[in-house]
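Listed below, chain by chain, are the residues.
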Amino acid sequence: MKNVAVVGGGLMGSGIAEVSARAGHDVIVVESSDDAAKAALGRLEKSLVRAEAKGKIASASDVLGLIRVETDLGAVADREVVVEAIVEDEAAKVALFKSLDAIVEAPDAILASNTSSIPIMKLGVVTTRPTQVIGIHFFNPVPVLQLVELVPSLLTSEDTTARSRAWVEGSLGKQAIDCQDRAGFVVNALLIPFILSAIRMFESGFASAEDIDRGLVLGAAHPQGPLALADLIGLDTTKAVAESLYDEFKEPLYAAPPLLQRMVDAGLLGRKTGRGFYTYA
Ligand SMILES: CCCCCCC[C@H](O)CC(=O)SCCNC(=O)CCNC(=O)[C@H](O)C(C)(C)COP(=O)([O-])OP(=O)([O-])OC[C@H]1O[C@@H](n2cnc3c(N)ncnc32)[C@H](O)[C@@H]1OP(=O)([O-])[O-]
Ligand SMILES: NC(=O)c1ccc[n+]([C@@H]2O[C@H](COP(=O)([O-])OP(=O)(O)OC[C@H]3O[C@@H](n4cnc5c(N)ncnc54)[C@H](O)[C@@H]3O)[C@@H](O)[C@H]2O)c1
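Residues numbered from 1 in each chain as written. Chains lettered and ligands numbered in written order. Predicted model: local features only at pLDDT ≥ 70, side-chain atom pairs only at ≥ 80, totals over all residues. Heavy atoms only, no water.

Peer 1: Just to check I follow, could you spell out the sheet that holds strand E5 (residues 110-113) for this structure?
Peer 2: Strand pairing in a sheet relies on backbone hydrogen bonds. The paired strands run either parallel or antiparallel. Pairing in this open sheet of 8 strands is mixed, and the strands run E3-E2-E1-E4-E5-E6-E7-E8 from one edge to the other. Of all the strands in the sheet, the pair left with one neighbour each is strand E3 (67-70) and strand E8 (175-178). Going from strand to strand, the sheet's axes swing by 25 degrees on average, the running direction of each strand aside. Two strands pair when backbone bridges link them, and strand E7 (residues 147-152) and E8 are joined in this way by 4 bridges, in the parallel orientation. From the neighbouring strand, Glu149 faces E8, where its bridge partner is Ile177. (Pairing = 2+ DSSP bridges. Helix = DSSP H or I, 4+ residues; strand = E, 2+ residues; numbered from the N terminus. Axes fitted to C-alpha atoms, helices over the stretch in contact; angles between N-to-C directions.)

Below, the structure written as structure tokens:
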């Protein structure tokens, strides 16, 4: 598969577009507005310039030359694989998969979602080709983290799963694990209660954000603490993902703590807005 589209060029979509172009694919990114398209291009340029400066790629401009950022979803018509990476909102993703089904022409194209927590079946069944709908879940930052979770729904064909595996492992150089189609898959089912517990610990005044994070970095060898990680993920996404797991399992451990809700209401979304549990320059 050489022609790739990524719908949504935010934190994750720009990373998926970057690793696809670095693997030599022709990539189209679709964003929802001109401003969002400009922001996506800015993220791509910044990350590729950094990769060039570190000697990881020969030329940022050559890789950037493989990526087009568009605002018309019709641009994805000729793609062999489309990866959806828009906001974690089930209604928005359902609407998008209906549109993709109508637009994408190749009869065997793969329609993938990078969702963190929404069951893949909910997206597959709104298309006429659920056998070709699969979860391909990348991790943040995409250029750095090796893992991809492959999540076929009950209706996804073995051929779609095999071709998705060949793409992420063979072309992108990632490592895949297989997950069943339950909200949270493998990693988030374990990571989310951990991050939410850290937020509850901070909210209760038990320890400072810095000490909670230093505790996990120095005492459990995590690369960063859970509150810094929530800021990296984005607190809007953190909240949406928690709600989706709560919706699936009705377990209190997945309930979004009030502080998280208030921070999202206030627009304190972490790194992406400059302030979350920490403040960023
Ligand atoms: C309620 C919970 C809700 C969950 C929500 C959903 C979660 C989601 O579905 C799944 C996830 O992703 S879960 C989240 C999973 N994610 C995690 O768990 C992340 C855990 N954290 C980490 O892995 C590390 O702290 C970082 C890699 C973020 C920074 O590393 P550090 O050591 O503190 O800082 P450093 O020394 O600056 O960087 C080291 C190297 O990385 C490179 N680089 C950095 N940022 C980059 C970027 N944006 N782009 C490209 N490259 C980037 C950098 O160039 C350097 O390269 P070099 O060649 O070695 O010089
Ligand atoms: N943030 C993470 O750490 C992380 C990790 C793995 C998976 N994910 C998942 O990836 C997806 C994207 O998350 P993100 O962190 O990149 O979010 P983000 O908010 O950074 O980016 C979402 C982008 O989608 C765009 N968008 C929204 N609706 C659109 C539409 N209809 N058409 C085209 N573009 C549209 C927005 O303009 C925005 O740029 C979510 O499903 C999330 O759960 C996130």
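More follows now that the structure is in view.
Peer 1: For this particular structure, what's the right way to read the UniProt feature "domain: 3-hydroxyacyl-CoA dehydrogenase NAD binding" (unreviewed entry) in the protein?
Peer 2: Mapped onto this numbering, the UniProt entry gives "domain: 3-hydroxyacyl-CoA dehydrogenase NAD binding" (unreviewed entry) at residues 3-181. Here residues 3-181 runs as 39% helix and 21% strand, with 26 Å between its end C-alpha atoms. (UniProt positions renumbered as here; feature names shortened; annotations may be inferred.)

Peer 1: Just checking my understanding: could you explain the site of ligand 1 for this structure?
Peer 2: Taken together, 22 residues are adjacent to ligand 1, and Arg50, Lys54, Lys56, Ser116 and Asn140 come closest. His137 has a polar side-chain atom sitting 2.7 Å from an oxygen atom of ligand 1. At 2.7 Å from a nitrogen atom of ligand 1 is found a main-chain nitrogen or oxygen belonging to Asn140. Notes on ligand 1: free accessible area 1200 Å², of which the protein chains cover 68%. Looking at the shell around ligand 1, the elements with two or more residues in it are helix H7 (187-203), helix H9 (226-233) and helix H10 (235-249). (Near = heavy atom within 4 Å. Polar contact = N/O pair within 3.5 Å; in protein donor to acceptor, adjacent residues only side chain to side chain. Areas by Shrake-Rupley, 256 points an atom, 1.4 Å probe, with all protein chains shown as cover.)

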